[in-house]
Amino acid sequence: MKKSSTSGKLALRLTGAVTRFILNIIFYTLVVAAVYKGATFLYRFSYEVFGSVARTEAPGTDVPVQIYRGETTMNIATKLETSLVIVDKYSFYFRTKLRNEDIMPGTYILNTSMDYDEILEIITDAKNSIADEESIESAQEGIGGGKGDTADGDISGAEGSGKDDADGTSDDEKGGEDKASGN
């Protein structure tokens, strides 16, 4: 009787040890997989923020993107991502914030083969806009404008052109009040 009780205890101990061993293997495999996934994500994200990354190879496709006055940097990044111009809206957002760039309103022609620096170079200079800026409110209401008539009836091509407005000040004298995003 004593012999079967001892072998039963031994079998139970052996089963417990094997179970713990298998659970340890599963746990450490999951930990290694999570560390690997986290490291590859951080590497990719860091490369997108600090490196030269483009959506496609040259020559790419030209895409018109309209940026409204008052849009946040994240809204602009989302718009660029859905237009298939950038790879990831979060990496573009962080890159814009790190460079402390002010995105200007207007309509810009961007190419899918441009990297983030080239895109920022274009959308931070209102002279690169192919049409006047429009505010979010006027775009949502369907009024105001894409072509922006000025007080003298002339159609202006871009913000910052130095032309005088109705109040007698030039666009260059107004400073930062026409920026798309100040955050």
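Residues numbered from 1 in each chain as written. Predicted model: local features only at pLDDT ≥ 70, side-chain atom pairs only at ≥ 80, totals over all residues. Heavy atoms only, no water.

## Some details on the pairing of strand β2 (residues 106-111)
Across a regular strand the side chains alternate sides, sitting on one face of the sheet and then on the other. Across the six residues of β2, five count as buried, placing the element largely inside the fold. Judged from the six bridges that link them, strand β1 (residues 62-67) and β2 form a sheet pairing that is antiparallel. Residue pairing in the sheet places D62 in a bridge with N111 of β2. (Buried < 20%, exposed > 50% of the residue type's maximum accessible area, 1.4 Å probe, protein only. Helix = DSSP H or I, 4+ residues; strand = E, 2+ residues; numbered from the N terminus. Pairing = 2+ DSSP bridges.)

## Remarks on the environment of F45
Inspection of the secondary structure assignment puts F45 in helix α1 (residues 2-50). Owing to a relative accessible area of 17%, F45 belongs among the buried residues under this scheme. Note: C-alpha distance between F45 and D88 (43 residues apart in sequence) is 8.6 Å.

## Looking at helix α3 (residues 89-99)
By the burial criterion, the buried members of α3 are K89, S91, F92, R95 and T96. Buried residues of α3, seen end-on, are gathered within an arc of 165 degrees and therefore sit on one face of the element. (Arc of directions from axis to C-beta.)

## Concerning the nonpolar core
Residues L80, V85, F92, Y108, L110, I119 and I123 are the most contacted members of the largest nonpolar core, which totals 21 residues. Secondary structure elements with two or more residues in this core: β1, α2 (73-82), β2 and α4 (116-123). Looking at this core element by element, the count peaks at five residues for α4. Setting aside its immediate chain neighbours within four residues, I123 contacts I67, L80, F92, I103, M104, Y108 and L110. (Core = buried A, V, L, I, M, F, W, Y, C linked by side-chain atoms within 4.5 Å. Contact = heavy atoms within 4.5 Å.)

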